[in-house]
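# Structural characterization, general
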Amino acid sequence: MRANFVLSEIGVGLRRNVTMTLAVIVSVALSLSLLGGSLLAREQVTSMKDFWYDKVQVSIFLCNKIDAETDPACARGAVTDEQRDELEAELRQYDIVEDVFHESAEEAYAHYSEQQKDSPIAAVVTPDQMQESLRVKLSDPERYEVISTAFAGRDGVHSVQDQRALLENLFQLLNGVNIAALALMALMLVVALLLIVNTVRVSAFSRRRETGIMRLVGASSFYIQMPFILEAAIAGLIGAVLACLILVVGKSFLIDGFLDSRIQVIDFVGWEAVLSVLPFLLVVGALMPAVAALFALRKYLKV
């Protein structure tokens, strides 16, 4: 196969269909940038889960005197020192419990006053209204039910709460956004594939005389199809390069330049994660249009 002929045919095809080629490039760039962003978002959510789940605790809130008078859960009275010590000793016997911290009502009041210092309600809350608690650090937060089942409803126990549940809504929201981005990516991908097929069809139709002559002189189907396939691959590769640039610019300016300094509680994905996604996008950007063009040629390149 003469390379100069193939290259000249590619140049002719790109010039004849420049508008549609640009549309393919833009569609591929947008769909692949959404794909890359979704992959990085999934890794970000996984990283956040690992970070925050490792820090969450199970809180066993104990009954105080006010609860004993007003709350049915504490109808058997406020927790005693003996009950609290017994609960703590029993907790330490579980193999999934790494550590147990006791927070007194006074310490709970001090934390509440610090966190809600700007709230008008904080001024009327007194230490005797606060509940003391046992804060349990688990080696496996997923096994929260073991502690909840064993200690909920015990004498002196008001409630058992898992901080992990507070984070589930956030992670569900992030996963929902990621799914929406994937759905939009799939839509853009369909649009890009339709544009590729249409571009190949128009290009094949405009060069039907040349391809007919090539077939008459004995050129193989692969030789005839190669310029069309490479045209689609080049357009897709250019779109993939643009998608990579979008991700790099987003990481440099949006995450590193803006979000990282303002949202310090989140450890955003690093450059190694971004760089690991870029080769995948380049491969997909080149192969996807080439495969689409190959299938389209079977239908439209009839000579």
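Coordinates for the structure precede this section.
Below you will find a few notes about this structure. The structure displayed is predicted, hence computed values, not measured ones. (Residues numbered from 1 in each chain as written. Predicted model: local features only at pLDDT ≥ 70, side-chain atom pairs only at ≥ 80, totals over all residues. Heavy atoms only, no water.)

### Considerations on the layout of surface pockets
- The calculated volume of the largest pocket comes to roughly 620 Å³.
- Along the wall of the largest pocket there are 24 residues; nearest its centre are Gly37, Leu40, Ala41, Gln44 and Ile255.
- Breaking the lining of the largest pocket down by element, the ones donating at least two residues are helix H2 (18-53), helix H7 (163-206) and helix H9 (221-262).
- Examining the composition of the lining of the largest pocket, we find that nine residues originate from one element, H2, more than from any other. (1 Å grid on protein atoms, 1.4 Å probe; cavity = no way out; pocket = protein on both sides within 12 Å on 5 of 7 lines; lining within 4 Å. Points joined across faces, edges and corners; volume = space filled by probe spheres on them. Helix = DSSP H or I, 4+ residues; strand = E, 2+ residues; numbered from the N terminus.)

### With respect to a nonpolar patch on the surface
- A grouping of Leu230, Ile234, Leu237, Ile238, Val241, Leu242, Leu245 and Leu282 is seen on the molecular surface, where their side chains present a nonpolar patch of about 580 Å² in accessible area.
- Looking at the nonpolar patch, the element that brings in the most residues is H9, giving seven residues.
- Within the fold, Val241 resides in helix H9.
- Accessibility expressed as a relative area gives 38% for Val241, which makes it partly exposed. (Patch = residues over 30% accessible without salt bridge, like charges linked within 9 Å, V, L, I, M, F, W, Y side chains within 5 Å. Areas by Shrake-Rupley, 256 points an atom, 1.4 Å probe, with all protein chains shown as cover. Salt bridge = Lys/Arg side-chain N within 4 Å of Asp/Glu carboxyl O. Buried < 20%, exposed > 50% of the residue type's maximum accessible area, 1.4 Å probe, protein only.)

### A closer look at the side chain of Ser133
- With respect to the helices, strands and loops of the structure, Ser133 is situated in strand E3 (residues 133-138).
- For Ser133, a relative accessible area of 0% translates into the label buried.
- Only 2.9 Å separates the side chain of Ser133 from the side chain of Arg135, close enough to count as a polar contact.
- With residues near it in sequence (within four places) discarded, Ser133 still touches Ile60, Phe61, Leu62, Phe101, His102 and Glu103. (Polar contact = N/O pair within 3.5 Å; in protein donor to acceptor, adjacent residues only side chain to side chain. Contact = heavy atoms within 4.5 Å.)

### Some points on the sheet that holds E3
- Taken in spatial order, the four strands make up an open sheet running E2-E3-E1-E4, and their pairing is antiparallel. Of all strands in the sheet, those bounded by a partner on one side alone are strand E2 (97-103) and strand E4 (157-162). Taking each pair of neighbouring strands and ignoring which way they run, the sheet shows an average axis angle of 15°.
- The pairing of strand E1 (residues 58-62) with E4 spans five bridges and is antiparallel. Residue pairing for E4: Val58 is matched across the bridge by Asp162. (Pairing = 2+ DSSP bridges. Axes fitted to C-alpha atoms, helices over the stretch in contact; angles between N-to-C directions.)

### Thoughts on the state of the cysteines
- Scanning the entire structure with this criterion turns up one disulfide.
- The disulfide bridge from Cys63 ends at Cys74, spanning 2.0 Å between sulfur atoms. Disulfide Cys63-Cys74: the torsion about the S-S bond is -80°, which places it as left-handed. Separated by eleven residues along the polypeptide, Cys63 in the loop between E1 and helix H3 (65-70) and Cys74 in the loop between H3 and helix H4 (81-91) bring together distant segments of the chain. No difference in accessibility class separates Cys63 from Cys74, as the two residues are buried. (Disulfide = S-S within 2.5 Å.)

### A look at H4
- All of the buried residues along H4 are Arg84, Leu87, Glu88 and Leu91. The buried residues of H4 occupy an angular sector of 95° when projected down its axis, which confines them to one face. In H4, those exposed residues whose orientation departs by more than 90 degrees from the buried face are Glu82 and Glu86.
- Of the surrounding elements, those touching the buried residues of H4 are E1, E2, E3, helix H6 (144-151) and E4. (Arc of directions from axis to C-beta.)

### Examining the side chain of Glu88
- Among the structural elements, Glu88 can be located in helix H4.
- When sequence neighbours within four positions are dropped, the list of residues in contact with Glu88 reads Val100, His102 and Leu134.

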